[in-house]
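Observations on the three-dimensional arrangement
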Amino acid sequence: MDITKPDKVLFPDDGITKADVAEYYAGVADRMLPFLKDRPINMQRFPDGIGSFSFYEKKVPAHFPDWVRTVEVQTADGAQRQVVVDDRRSLVYLAQQACITPHTWLSRAADLDRPDELVLDLDPSDDDLAKVRRATRLAGDALEDLGLTTYLKTTGSRGYHVVVPLRPEAGFDEVRAFARAVAERLVEREPDLLTLEARKAGRGDRVLVDIMRNGYGQTAVPPYAVRARPGAPVSAPLAWDELSRVAPGDVTIANLARRLAKDDPWAGMRRHASGLGRARRRL
């Protein structure tokens, strides 16, 4: 695919261009597409780079070509069509549109009302890395103790995501209620470390256990997505034993290739999808 203005610098501190971002997504597509396929996308676009104006775009623009798949979703403003990325060409086309970060729904086109993932987002309030690592470990252990299989990834920003693959059986309200119950139990155990307070003014120096991504139409950064931060960090799947070694922003488009040469820590993830019935009873 031809990239217009390929030399446009999108990451000014690093000299990373639109062509570089497009090349990155083309190269990582085989590993990334399973986490994008069939999911509506919210596009985070930076027409003049990460230091300038940016916007989120949910509704598919009129100028997008017909070969980019779309799906109709229901919103508070009525039905609209959103982009779905099912192939390498579509992923690279988003880079052509200066979409640095695609954000995905937690449900798929076949059943948008029932998520097939649960996400706990561990969001620090300060720069204490040891604290967010401890919070992330506690969240993972709590879910594992309930009989769920958990997966870990960096956000490419300041925290980590703990992800549970689900069978798409329960609705978003039910899944979020379960996530809230888990988070409340965690906060009860570690009130000086963890909080459910979304307002930064009310958090102090505690780590937020953010459950709000588990809602209809809400999104999360998928594995291998580039973040609009200096250094072009990416959201990277980790093995749990890497939590103590890999910081949330350590993996970038410049060094990801070394990880791709190793075993995929999220390989076979969907085979471990489960329902929430037994976990809810244990909780």
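For the structure given in this document, a descriptive report is provided here.

About the criteria used
- Residues numbered from 1 in each chain as written.
- Predicted model: local features only at pLDDT ≥ 70, side-chain atom pairs only at ≥ 80, totals over all residues.
- Heavy atoms only, no water.
- Helix = DSSP H or I, 4+ residues; strand = E, 2+ residues; numbered from the N terminus.
- Rg over C-alpha atoms; globule rule 2.2 N^0.38 Å.
- Buried < 20%, exposed > 50% of the residue type's maximum accessible area, 1.4 Å probe, protein only.
- Contact = heavy atoms within 4.5 Å.
- Areas by Shrake-Rupley, 256 points an atom, 1.4 Å probe, with all protein chains shown as cover.
- Lys, Arg positive; Asp, Glu negative; His and termini not counted.
- Charge placed at Lys NZ, Arg CZ, Asp CG, Glu CD.
- Pairing = 2+ DSSP bridges.
- Axes fitted to C-alpha atoms, helices over the stretch in contact; angles between N-to-C directions.
- Phe/Tyr/Trp six-rings, centres within 6.5 Å; stacked < 30°, edge-to-face > 60°.
- Lys NZ or Arg CZ within 6 Å of the ring centre and 35° of its normal.
- Salt bridge = Lys/Arg side-chain N within 4 Å of Asp/Glu carboxyl O.

1. Let's talk about the overall build of the protein chain
- When its secondary structure is counted, the protein chain shows seven helices and 14 strands.
- Taking 283 residues into account, the globule formula puts the C-alpha radius of gyration at 19 Å, and the protein chain, at 18 Å, falls close to it.
- Taken along its principal axes, the extent of the C-alpha atoms in the protein chain is 55 × 40 × 40 Å.
- Counting across all 283 residues of the protein chain, residues that qualify as buried make up 52%.
- The long-range fraction of contacts in the protein chain, counting pairs at least 24 apart against all pairs at least 6 apart in sequence, stands at 70%.
- A total of about 12800 Å² of accessible surface is found on the protein chain, and carbon and sulfur atoms cover 45% of it.
- Positive and negative side-chain charges of the protein chain, numbering 43 and 42 respectively, have mean locations separated by a distance of 2 Å.

2. Side note on the sheet that holds strand E12 (residues 207-210)
- The strand order E11-E12-E8-E10-E9-E14 describes an open sheet built from six strands, whose pairing is mixed. Bordering the open sheet on either side are strand E11 (194-195) and strand E14 (237-238), each of which pairs with just one other strand.
- As paired strands, strand E9 (residues 151-154) and E14 are joined by two bridges and run antiparallel to one another. In the strand pairing of E14, Leu 152 is matched with Leu 238.
- Contacts from helix H4 (residues 172-189) reach strand E8 (117-123), E11 and E12, with the element oriented near 35° to E8.

3. Describing the packing of aromatic side chains
- A full pass over the atoms with the stated rule returns nine aromatic pairs.
- Seen from their ring centres, Tyr 24 and Tyr 25 are 5.2 Å apart, and the 65° between their planes marks the pair as edge-to-face. Here the two residues Tyr 24 and Tyr 25 agree in accessibility, since each one is buried.
- Linked through ring pairs, Phe 35, Tyr 151, Tyr 224 and Trp 266 together constitute an aromatic cluster.
- Residue placement shows Arg 89 over the ring face of Trp 67; its charged tip is 3.8 Å from the ring centre.

4. Structural notes on the sheet that holds strand E7 (residues 99-105)
- With antiparallel pairing, four strands are arranged side by side in an open sheet as E4-E3-E7-E13. Taken across any chain shown, the strands that pair with only one partner, and hence form the sheet edges, are strand E4 (55-57) and strand E13 (219-220).
- Pairing geometry for E7 and E13, over two bridges, is antiparallel. Across the sheet, Trp 105 pairs through a bridge with Thr 219, a residue of E13.

5. Let's talk about the pairing of E12
- Side chains Val 207 and Val 209 project from E12 onto one buried face, and the interleaved Leu 208 and Asp 210 project onto a second face that is buried too.
- Summarising the sheet, E8 and E12 pair through three bridges and their orientation is antiparallel. Pairing of Leu 122 across the sheet is with Val 209, part of E12.
- Here E11 runs beside E12; their pairing, made up of two bridges, is parallel. Bridge pairing links Leu 194 to Val 207 in E12.

6. Side note on the pattern of salt bridges
- The final tally for this structure, using the stated rule, is 21 salt bridges.
- Measuring nitrogen to oxygen at the nearest pair gives 3.0 Å for the salt bridge that ties Asp 121 to Arg 213. Note that Asp 121 is positioned in strand E8 and Arg 213 in the loop between E12 and E13, a separation of 92 residues in sequence.
- Overall, Arg 213 belongs to the partly exposed group, its relative accessible area being 26%.

7. Examining helix H2 (residues 88-96)
- Taken across its nine residues, H2 has seven buried, putting it largely inside the fold.
- Taken together, the buried positions of H2 are Ser 90, Leu 91, Val 92, Tyr 93, Leu 94, Ala 95 and Gln 96.
- Packed against the buried residues of H2 are helix H1 (18-32), strand E3 (41-45), strand E6 (78-83) and E7.
- Trailing H2 by a residue or two, Ala 98 shows a phi angle of about 60°, which is positive.

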